[in-house]
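Summary of the model geometry
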Amino acid sequence: MFASVLIANRGEIAIRIARTAKRLGIRTIAVYSEADAKALHVRVCDEAHCIGPAPARESYLCVENILAVARARGAACIHPGYGFLSENADFAQACADAGIVFIGPSADSIRAMGLKDRAKALMVKAGVPVVPGYLGERQDAALLKQKAYELGYPVLIKAVAGGGGKGMRRVDLHAEFDAALEGAQREAKSSFGDGRVLIEKYVATPRHIEVQIFGDRFGNVIHLNERDCSLQRRHQKVIEESPAPGMSRELRAIMGEAAAEAARAVNYVGAGTVEFIADGSQGLHAGAFWFMEMNTRLQVEHPVTEAVTGLDLVEWQFRVASGEALPLRQEEIPLNGHAVEARLYAEDPEHGFLPSTGTLRAFDIQGDVRVDAGVEHGSVVSPYYDAMIAKLIAHAPTRAGALDKLADALEHTIVAGPKTNAAFLAALARAPEFSAGKFDTGFIGRNLAALGAVPREPDAAAAASGVVYLLQQQRAVIAANAAGEEAEPASPWDAGDGFQLSGVRVVEYPVIADDKHIMAKVTFGPQGMAVEIAGQPAADARVVDAGDGTVLVIHGGRQTAVRFAGADGAAGDAASGGGEIRAPMHGKVLAVLVDKGDSVRKGQRLAIIEAMKMEHALLAPFDGRVADISAVAGSQIAEKAMVMVVEAQEPVVS
Ligand code: ADP
């Protein structure tokens, strides 16, 4: 076995590879970009070396810098993970030339499968079924359009150098072909520097079924069952599972053998995945699946295969790369129960799945699931790399059991700061049609609204939890301020017992939840305080204090930012000399939240005035210091009367 490995990757996959390496006694060498100096993968490895600035081109994709570290540190092998350099034939070759083992197939195998047209042509020769289409060299628009017409619509235009769904366009009508072709070519050119395309028949009710294969240096190739990755958004996988719903033992053997044949055709060594597209309209059956492409690396979704086989695929990669034969024969590969994986992204499904960056103020995933995470509490999700922060993998004797475990873990996933797709994934895992096995690659696109991936009203129950927290926090501040002073009996804040005598009191608070103004109804009664928003009581949710008067409430995997709204007109600005804080209306001063001489920050709550059973917070208009306080808690105050004066001061840089 190798003495050391350089892991040429970051995030969850770097950490996952390091875990197995450590178990096998292999010294782990991490590399990182300047943006990742504090990243988790840097700390879990035995040593770590900076390989350049944040942009991947200058660090994780920089062959020379990575090889320089490998040489200097005497790395016996390099594991590329997935993405980045994992399918870069030149990198594999450069490793070999430097006398360092590349954990993956040979440069030739990578090249053979690297371009979709060449790979498909090879598969035709090897007798593997491929999707009907045009794979030719000629690329003039008129010819491509003619070929599409002959195939019959709908067709799919694909970049021959494609990956990640880029440079791909579905065309339903002949009249739309030209525009689609232009779009596909433009995207292919800019993403891969290669504008060539191929044309394929678009398979109806498409199911993405892929087969995990493994080859060794002795010519053995076996498969480790299939994965179903049909739940996709824009041709990118979202949830993956093994086995595929509706897969028979016979069809598994047929597809597995086709996949192994594909691998043999390129003398494949190591872990690889052969992707098929199946026509699911009549259920899965022989004669209705076709080769799409082969990925010559470890896949993101490999853990579902590990769950149902009980094998460690990274261990197998190390063994095969070090010259050992495959540890098991085909008939010895287990298939136990059912496993499902969900990809947790820092993104906002309610707003077009835009990536969401920032510091993770909480990161806590519980439940009976395997968690492969690339981050922890305090990590920063940067805009430089893929926004996937973790994978959750559930395993159970049945598919229903695995989906239930997964949904449960997602619903209780606590990630604060960047938004995540946890609630969306949970909705998917609970979607009745998906649970019933009735789905294809268009399922997500057709059901965005039902899955909550559209702009939505704020989560009222979560907002109510946030208000409970904010009120308790405010009460604590007031209690601290009032310590030593005589309590104001008229104030509801420090007169808990008084409430019992006077009965129930209901007060409304204007609140901002996810930038929307809503009203919280707060009942102070003998049992304490109860908050209701839009008729909903506070949820059992995790509240994370963001520190600027805002709390982040995580409920059912969804994050809601909650803060009190300030009273209109109370906040002036320094330029207009607005340091005088005056009452916006006639009412009662419920609380004064600061002391004379206190430093305050812009937006900080200074005092609360109650009028017409509504509370209004008066906010600091700028960073400053409280110069004078005229209002007295518990007393009545007239409209426009002075509450306090705040003097502007330069913000203290902390
Ligand atoms: P990429 O390499 O860009 O990921 P793939 O060829 O792997 O592209 O295809 C990605 C996805 O596009 C597949 O998982 C499937 O959902 C869809 N797809 C690809 N080819 C077809 C086809 N011929 N018919 C229907 N859907 C397809």
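See the structure shown above.
Quick look at the structure, then. These figures come from a predicted structure and were not determined experimentally.

1. Here we look at the nonpolar core
Membership of the largest hydrophobic core comes to 40 residues, with the highest contact counts inside it found for Ile 239, Leu 344, Phe 363, Leu 406, Phe 424, Leu 425 and Leu 428. Secondary-structure elements contributing two or more residues to this core are β12 (236–242), β15 (338–345), β22 (388–396), α12 (399–411), α13 (422–430) and α15 (443–446). When residues are assigned to domains, this core turns out to be shared by domain 2 (109–128 + 207–336) and domain 4 (341–448), each giving three or more. With sequence-adjacent residues up to four places away left out, Leu 425 is seen in contact with Val 238, Ile 239, Ala 342, Arg 343, Leu 344 and Leu 410. Core analysis: the next-biggest nonpolar cluster, separate from the first, contains 34 residues, Cys 77, Tyr 82, Leu 311 and Ala 387 among them.

2. As for unusual backbone geometry
A cis amide bond links Tyr 153 to the next residue, Pro 154, at an omega of 0 degrees. In this chain, Ser 242 is followed by Pro 243 through a cis amide linkage whose omega measures -5 degrees. Position of Pro 243 relative to the elements: it lies in the loop between β12 and α9 (249–264). Non-glycine residue Phe 353 carries a positive phi angle of around 60 degrees. Along the polypeptide, Phe 353 turns up in the loop between β16 (347–348) and β17 (354–355). In the Ramachandran plot, Asp 515 falls in the positive-phi region, its phi being about 70 degrees despite a non-glycine side chain. By the element assignment, Asp 515 lies in the loop between β24 (505–513) and β25 (516–525).

3. A look at the side chain of Thr 296
Mapped onto the secondary structure, Thr 296 falls in the loop between β14 (289–295) and α10 (302–309). In contact with Thr 296, not counting residues within four places along its chain, are Ser 86, Glu 87, Pro 105, Ser 109, Ile 110, Met 113, Tyr 268 and Ala 271.

4. Side note on the pairing of strand β28 (residues 542–545)
The side chains of a regular strand alternate, first on one face of the sheet and then on the other. Both β28 and strand β29 (residues 551–555) contribute to a ladder of 4 bridges, which runs antiparallel. The residue bridging Val 543 from the neighbouring strand is Val 553, located in β29. Turn length for the β28-β29 hairpin, with the two strands adjacent in sequence and antiparallel, is 5 residues, and the turn residue Gly 547 shows positive phi of about 90 degrees.

5. A word on the environment of Asp 279
Its location among the elements puts Asp 279 in strand β13 (residues 270–279). For the pair Asp 279 and Val 203, spaced 76 residues apart in sequence, the C-alpha to C-alpha distance is 6.0 Å. Apart from residues lying up to four places away in sequence, Asp 279 is in contact with Val 203, Ala 204, Thr 205, Ala 288 and Trp 290. Side-chain polar atoms of Asp 279 contact the side chain of Ser 281, separated by 2.7 Å.

6. Some points on helix α1 (residues 11–23)
A rise of 1.5 Å per residue sets the reference length of α1, with its 13 residues, at 18 Å; its end C-alpha atoms lie 19 Å apart and thus fit the reference within 8%. Across the 13 residues that make up α1, a large majority, 10, are buried. What α1 keeps buried is the set Gly 11, Glu 12, Ile 13, Ala 14, Ile 15, Arg 16, Ile 17, Ala 18, Thr 20 and Ala 21. Note on α1: the residue one or two positions beyond its end, Gly 25, has a positive phi of about 75 degrees.

Definitions and cut-offs
- Residues numbered from 1 in each chain as written.
- Predicted model: local features only at pLDDT ≥ 70, side-chain atom pairs only at ≥ 80, totals over all residues.
- Heavy atoms only, no water.
- Core = buried A, V, L, I, M, F, W, Y, C linked by side-chain atoms within 4.5 Å.
- Buried < 20%, exposed > 50% of the residue type's maximum accessible area, 1.4 Å probe, protein only.
- Helix = DSSP H or I, 4+ residues; strand = E, 2+ residues; numbered from the N terminus.
- Domains from an automatic or database assignment.
- Contact = heavy atoms within 4.5 Å.
- Pairing = 2+ DSSP bridges.
- Polar contact = N/O pair within 3.5 Å; in protein donor to acceptor, adjacent residues only side chain to side chain.
- Expected span 1.5 Å × (residues − 1).

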